[in-house]
Amino acid sequence: MTRLTARALIAVVFWPSLFFFWFLGPFVFLLLSTTSSEVCARLETRAEFLAAANGALPMLVLQTLIYAVPIVCLVLWDRLAPEPARTQHIATCIKLFIIAAITGATWDYGSSLVCDGYGQSFFSSAWRMTSYLPIVGLLINIPLYILTFSLGRAFSTRDDITEDGVIHSKQNNS
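Residues numbered from 1 in each chain as written. Predicted model: local features only at pLDDT ≥ 70, side-chain atom pairs only at ≥ 80, totals over all residues. Heavy atoms only, no water.

**Concerning the overall build of the chain**
Each helix and strand in the chain was counted, giving seven helices and zero strands. Helices and strands in the chain line up, N terminus first, as α-α-α-α-α-α-α. Relative to its 174 residues, the chain shows a buried fraction of 27%. Within the chain, contacts between residues at least 6 apart in sequence are counted, and of these 81% link residues at least 24 apart. Accessible surface computed for the chain: about 10900 Å², of which carbon and sulfur atoms make up 69%. (Helix = DSSP H or I, 4+ residues; strand = E, 2+ residues; numbered from the N terminus. Buried < 20%, exposed > 50% of the residue type's maximum accessible area, 1.4 Å probe, protein only. Contact = heavy atoms within 4.5 Å. Areas by Shrake-Rupley, 256 points an atom, 1.4 Å probe, with all protein chains shown as cover.)

This is the structure:
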């Protein structure tokens with residue numbers, strides 16, 4: 001399989017995952033999480049709140065793994081066509097992604113602990129501070145999205161075509 005074919009196959013995974021998971025995914029997970037408001041009113045004890053919050057952990061792990069698909073594609077592209085500048089940008093993407101994932105998971109977990117249907121404060125008021133984490137997440141995700149999109153565009157563009165549209169014939173059968 002040629003490198004060009006492998007890069008094209010990665011692009012087939014990268015672009016739909018970027019669009020559906022990163023741009024549409026948050027709306028789907030928001031819709032799924034709105035059902036928790038019905039559950040909140042039925043929780044009465046500290047143990048029930050903690051069980052509900054801990055029950056969200058598998059969904060958070062799955063969500064993070066799904067969101068990691070575009071980053072994995074960037075790493076694979078870099079392995080096929082390594083460039084030091086792009087490698088550093090990918091490392092930045094990975095760092096931003098990890099920070100965004102931790103911020104998002106803390107917000108999701110904390111918001112499930114804040115939910116107190118009967119006005120009882122079972123947990124520290126510090127968990128209420130997690131309501132500000134979506135703003136922090138947005139400030140992290142905007143540069144992450146822009147950098148990931150630009151890297152994806154750079155990787156999925158053919159190297160053998162110049163700006164004037166001329167195709168340079170070079171054998172890329174490695």
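**Notes on the packing of aromatic side chains**
In this structure the tally under the stated criterion is seven aromatic pairs. Centre to centre, the rings of Trp77 and Phe155 are 5.5 Å apart; their planes meet at 20 degrees, and the pair counts as stacked. Here Trp77 is found in helix H5 (residues 69–80), whereas its partner Phe155 is found in helix H7 (residues 133–156), with 78 residues between them in sequence. For the residue pair Trp77 and Phe155, the accessibility class agrees, reading buried in each case. (Phe/Tyr/Trp six-rings, centres within 6.5 Å; stacked < 30°, edge-to-face > 60°.)

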